[in-house]
Amino acid sequence: MCRIGAVKSKNPVQPSTALRLMLPQQEGHDNSGFAMVMQDLYGVFGLYKDKPLLSMACTQQGGRLVEEYMDAHRFVKMSEWLPVPDKRKGLNIQAMPYYIFRTYDYPENVTDPDEREALLLDTRLTLRQMLTETGEGYVYSFWPDVLMLKEVGDPMDIATYFHLWDDNGCLVAKNIIVQSRQNTNYEIIRYAAHPFFLQGYTLCANGENTFYTKNKEFQKSLHRGYIGFESDSQNFLYTLHYVLHELKWPIQYYKHVITPLPFSEIEKREDRDVLLSIRQSLSHLEINGPNAIIAGLPDGRMMTCCDSKKLRPVVVGSDGTTVAISSEVCGVNEILPDRDTSKDIYPGEREIVVIDNDLEVERWKQ
Amino acid sequence: MEAVKVQDLAIGDLPWIVEYHPRRCSLCGKCVAGCTFGAIETGMGRLPSTDGKSIRRMVIRQVASFAHACRGCGMCERVCPNDAIRPVRNPDNRRAVLSRDAGPIKRGGRANLNAPRTLDKIIIGRISQMTDPSLDAQRHTFDIRAPLGRVLSAKELPFAAEGGKLTMAKKAPPVRWIYPLIFADMSIGALSTRAWEAVAMATAYLNERCGLPVRMSSGEGGMPMKLLESEQLKYFIIQIASGHFGWNRIVKALPRMKTDPAAILIKIGQGAKPGDGGLLPAEKAAPHIRAIRGVPKATLSSPPNHQGLYSIEESVQKMHLSMNAAFGFRVPVAIKCAASSTSVAVYNNLLRDPYKICGGFFLDGIQGGTGAANEVSLDHMGHPVVSKIRDCYLAAVKNGLQGQIPLYAGGGVGLTGNAAADAFKLICLGANGVFCGKLLTQLLGCVGNEHGRCNACNTGKCPTGICTQDPRLVKRLDVDRGAQKIVDYVLAFDSELKKLMAPIGNSSLPVGRSDALVSTDKAIADKLGIQYVC
């Protein structure tokens with residue numbers, strides 16, 4: 001079981017907070033990798049919140065390919081942060097030669113917001129394909145105010161390598177979604193680690209998606225951005241994106257899609273026509289199996305829910321300034337030791353919990 | 001030398017030889033009275049006596065005639081109090097060569113060539129072990145339902161958002177969520193009225209007492225007026241086939257229907273005899289059957305096509321639209337086709353139909369049964385259903401349209417008695433549900449099988465009272481016990497489905513979950529796109 005976590009704070013926090021959330025939960029394979037998505041950035045990227053930020057790991061040749069492509073497609077480089085790694089011996093990390101975090105301005109002829117969204121996605125997909133074909137690197141995200149890091153190795157060592165323990169104020173954000181292992185079910189590749197990201201939507205899922213094949217077969221035809229499928233948890237992100245971004249349904253319907261109510265319960269509901277229609281039209285997006293999900297939305301809100309049998313745990317704790325969501329409460333205890341634990345939320349199997357940017361918690365029962 | 005007339009038919013030419021032990025026989029006559037085919041008769045014979053001579057006495061003799069050939073039904077054995085008589089299969093019989101004097105061989109039942117079943121070479125090999133927990137078949141709840149009706153894509157749903165809630169802004173096509181096992185179309189006429197009634201009773205019981213929304217197809221032979229005007233009509237799928245038999249009464253009953261039927265099923269073809277229409281031999285066109293169908297005493301051969309339909313567009317416009325309109329667009333209209341090399345083309349066309357009014361695609365494979373057909377069709381024509389269902393599903397996947405027209409697979413489901421395993425595998429390959437007919441008659445007491453036993457459904461002489469209109473024979477069928485047998489089987493089917501779903505960690509039907517299946521046959525694995533294992 002993967003342990004997943006998220007921190008959402010009124011005051012920007014550094015990655016060490018996310019690491020401290022995760023490390024107490026470590027068990028089994030939970031030291032095989034580290035991945036995080038930071039959103040609503042401060043620090044070195046605080047001045048460029050409206051500019052798309054490219055997060056990638058690559059070779060020198062990969063960096064050159066990307067630079068040439070971006071120049072050729074009239075993206076204007078705005079700022080860049082290249083971590084200076086701590087290359088001390090003995091660190092358990094399978095590092096890439098270069099990590100590039102770079103903001104760009106949009107090509108001047110692209111001004112329409114929808115066009116810009118599409119352009120960012122298409123650019124990332126092209127860069128990803130280019131780097132995959134040449135074997136020269138990985139591109140994780142290309143989106144305004146979002147930074148993404150994924151690496152294989154021991155999370156403590158990865159943090160040392162990137163100076164994340166130093167709290168040096170470079171990488172700071174109000175929202176961080178994090179996980180500290182690789183996907184150990186299948187091949188260990190960087191793209192297979194949560195969180196997954198698409199057009200402002202970030203998602204970690206702890207569990208097994210036994211409907212992976214049917215989810216995948218359906219999603220492949222729904223959107224050009226639904227690619228990869230290196231992990232059976234990517235399906236959760238794509239469904240979230242499809243329900244909110246493509247169908248533009250209210251967020252509580254995400255739960256109705258992935259874990260629909262039993263027919264016997266739907267029959268008793270006033271909105272049964274809507275719920276039945278959803279269930280039949282999106283039956284190939286249902287998940288079946290043990291899962292807990294933590295997601296970040298483009299507007300900064302965070303969401304968590306779990307499978308319909310509540311086979312996997314998740315807890316939400318808050319001290320009023322910071323909300324932590326985590327697979328196990330020991331992680332929350334580590335970063336929010338003084339909170340009122342009686343107000344911790346353990347979402348039920350039919351519940352969806354959303355934390356807004358004022359840290360107000362909304363709970364919908366399915 | 002004795003003169004031998006080799007052109008004369010001998011008992012040894014028949015497919016079944018009646019083995020008779022005169023010394024055990026008390027000459028009660030039950031076997032002769034019980035044989036509906038006239039395959040045995042009484043006569044004088046000579047038996048050896050204890051003093052080395054012989055005595056003349058009455059014996060039971062088999063009739064050397066194809067018209068009266070023993071069908072192996074075993075009714076004689078059943079009624080004999082002394083174990084004196086039984087049919088024995090004759091591997092050296094010459095039936096196939098000699099019995100075409102009156103034209104093509106006709107019979108009922110399923111294909112008898114016994115090709116190996118694909119389904120038996122597929123196993124459920126994806127078991128939840130450690131990475132995810134198996135469910136508990138006895139304690140967890142399962143949502144075993146299948147859609148029947150045209151499903152829209154999510155983007156086509158007529159939703160409006162009001163205050164963070166979705167509402168239906170317009171009507172969407174009707175979709176029923178039913179049990180994934182449909183009682184297939186066997187008409188009143190093909191079945192005795194009592195046998196049809198037994199299946200109907202089982203259907204109602206499963207719905208009203210067991211909570212399983214099983215649906216039964218009427219077959220092409222109309223329905224009793226009382227049923228058409230009852231609340232129970234909602235459990236029935238009314239079939240319209242190329243002969244349109246029974247529809248005069250159905251249309252007249254429309255204004256008096258208290259509820260809508262579950263669906264309308266347009267029968268285009270049948271797996272057991274593809275390209276042929278329905279066939280009700282004159283022997284079975286009894287007065288009550290003629291009344292329901294509105295026909296004279298004659299062999300009722302439905303045409304191979306719905307007349308006037310010369311293209312799939314025609315079919316969609318005329319048949320689907322008129323059927324949809326007749327029931328106020330409140331009732332799903334589905335079609336049933338014989339599986340064929342062309343099935344994917346048909347399914348693609350239906351999926352792309354701009355009216356979006358085809359509510360289900362029933363694909364019937366070569367191992368399906370029938371009440372009457374030419375044997376040459378039964379044994380040599382048709383298409384296996386397994387790969388065709390898979391092909392159709394994958395064609396829909398390719399276009400992102402999977403699930404929009406529910407797929408139902410039939411034709412040999414439950415042929416080995418294990419319908420739940422068959423259904424589960426077909427569902428994993430992409431079917432939403434299955435339908436079966438022959439299995440139901442076997443549960444009622446039919447002794448026919450795929451090795452040439454009985455299969456006399458076309459003769460009007462069904463020895464079990466199931467496929468005949470002869471009132472004396474129909475009396476052999478105990479309707480209540482027959483219905484109970486079907487109910488018990490479906491309840492076991494339901495438990496077995498759960499037993500298969502739980503270990504793969506699913507509480508709802510794994511439609512298209514091909515990753516759950518493996519095959520020890522490489523060719524089958526490759527064809528179906530599932531894992532090859534050895």
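Here the structure is a predicted model, which means the values were calculated and not measured.

Conventions adopted
- Residues numbered from 1 in each chain as written.
- Chains lettered and ligands numbered in written order.
- Predicted model: local features only at pLDDT ≥ 70, side-chain atom pairs only at ≥ 80, totals over all residues.
- Helix = DSSP H or I, 4+ residues; strand = E, 2+ residues; numbered from the N terminus.
- Rg over C-alpha atoms; globule rule 2.2 N^0.38 Å.
- Buried ≥ 20, exposed ≤ 12 C-beta atoms within 10 Å, placed from the backbone.
- Contact = placed C-beta atoms within 7 Å.
- Pairing = 2+ DSSP bridges.
- Axes fitted to C-alpha atoms, helices over the stretch in contact; angles between N-to-C directions.
- Parallel < 35°, antiparallel > 145°, perpendicular 65-115°, else oblique.
- Left-handed = near helix turned anticlockwise from the far one by under 90°.
- Nonpolar A, V, L, I, M, F, W, Y, C, P; charged D, E, K, R; others polar.
- Domains from an automatic or database assignment.
- Expected span 1.5 Å × (residues − 1).
- Arc of directions from axis to C-beta.

What follows deals with the overall build of chain A. When you go through chain A residue by residue, the secondary structure sums to 10 helices and 16 strands. On C-alpha atoms alone, chain A measures out to a radius of gyration of 20 Å, which is about the 21 Å that the 2.2 N^0.38 rule sets for 366 residues. By principal-axis analysis of the C-alpha atoms, chain A measures approximately 60 × 45 × 40 Å. For chain A, buried positions account for 54% of its 366 residues.

With that out of the way, let us pick up the overall build of chain B. The helix and strand inventory of chain B stands at 16 helices and 23 strands. A compact globule built from 534 residues should have a C-alpha radius of gyration of about 24 Å, and chain B, at 25 Å, falls within 12% of that. Across its three principal directions, the C-alpha atoms of chain B cover 105 × 60 × 40 Å. A separation of at least 24 residues holds for 76% of the contacts in chain B among residues at least 6 apart in sequence.

Residues and elements named next belong to chain A. With eight of eight residues buried, strand 6 (residues 137-144) is to be regarded as a mostly interior element. Across seven bridges, the pairing between strand 3 (residues 52-58) and strand 6 is antiparallel. Across the sheet, residue Ser 55 finds its bridge partner in strand 6, namely Ser 141.

Residues and elements named next belong to chain B. Where strand 8 (residues 159-162) meets strand 9 (residues 165-168), four bridges bridge the pair, whose relative direction is antiparallel. Paired with Ala 160 across the bridge in strand 9 is Thr 167. The antiparallel hairpin formed by strand 8 and strand 9 contains two residues in its connecting segment, where Gly 163 sits at a positive phi of about 55 degrees.

Residue and element names in this part refer to chain A. The strand order across the open sheet formed by six strands is 7-2-8-1-14-13, and the pairing between neighbours is antiparallel. The sheet is open, and its two borders are formed by strand 7 (146-152) and strand 13 (315-318), each paired with just one other strand. Direction aside, the axes of adjacent strands within the sheet are offset by 15 degrees on average. Note: strand 2 (residues 33-43) against strand 7, seven bridges, orientation antiparallel. Note that in strand 7 the partner of Gly 33 across the bridge is Val 152. The strands touched by helix 1 (residues 15-22) within the sheet are strand 1 (4-13), strand 2, strand 8 (171-179) and strand 14 (322-326), with strand 1 carrying the most contacts at an inclination of about 145 degrees.

Contacts between the two partners involve 36 residues from chain B, matched on the other side by 29 residues from chain A. No other element matches the three residues that strand 9 of chain B contributes to the side of chain B that touches chain A.

All names here are of chain A. At their nearest, the axes of helix 2 (residues 60-72) and helix 3 (residues 113-134) sit 11 Å apart, and the two run at 150 degrees to each other. Taken together, the axes of helix 2 and helix 3 lie roughly antiparallel to each other. Handedness of the crossing formed by helix 2 with helix 3: right-handed. In contact with Gly 62, Leu 65, Val 66 and Tyr 69 of helix 2, helix 3 contributes Leu 127, Met 130, Leu 131 and Thr 134. Residue composition of the contact of helix 2 with helix 3, by class: six nonpolar, two polar and no charged.

All names here are of chain A. Ordered by their spatial adjacency, six strands build an open sheet running 9-10-11-12-15-16, and the pairing between neighbours is antiparallel. Unpaired on one side and paired on the other, strand 9 (196-198) and strand 16 (361-365) mark the two borders of the sheet. Averaged over all pairs of adjacent strands, the angle between their axes in this sheet comes to 20 degrees, without regard to strand direction. Docked against the sheet, helix 6 (residues 234-246) engages strand 9, strand 10 (201-207) and strand 11 (291-296), running at close to 140 degrees with respect to strand 10.

Next up on the list: the environment of Met501(B). All names here are of chain B. Mapped onto the elements of the fold, Met 501 is located in helix 15 (residues 479-501). By C-beta crowding, Met 501 is classed as buried, having 27 other C-beta atoms within 10 Å. Once the C-alpha coordinates of Met 501 and Ile 144 are considered, the two residues, 357 residues apart in sequence, prove to be 9.7 Å apart. Contact partners of Met 501, with chain neighbours within four places excluded, come to Phe 142, Asn 506, Ser 507 and Pro 510.

All names here are of chain B. With domains assigned, chain B is organised as domain 1 (11-103) and domain 2 (121-149 + 180-532). The C-alpha centroid of domain 2 is placed 38 Å from the C-alpha centroid of domain 1. Domain 1 puts eight residues into the contact, and the matching count from domain 2 is nine residues. For the side of domain 1 that touches domain 2, the per-class residue count stands at four nonpolar, three polar and one charged.

What follows concerns helix 2 of chain A. Residues and elements named next belong to chain A. With 13 residues, helix 2 should cover 18 Å at 1.5 Å per step; its first-to-last C-alpha distance of 18 Å lies within 8% of that length. Within helix 2, the full set of buried residues consists of Gly 62, Gly 63 and Val 66. Burial along helix 2 is one-sided: seen end-on, the buried residues are contained in an arc of 100 degrees. Seen from the open side of helix 2, the exposed residues pointing more than 90 degrees away from its buried face are Gln 60, Arg 64, Glu 68, Asp 71 and Ala 72. Tucked into the core, helix 2 has its buried residues touching strand 3, strand 5 (98-105), helix 3 and strand 6.

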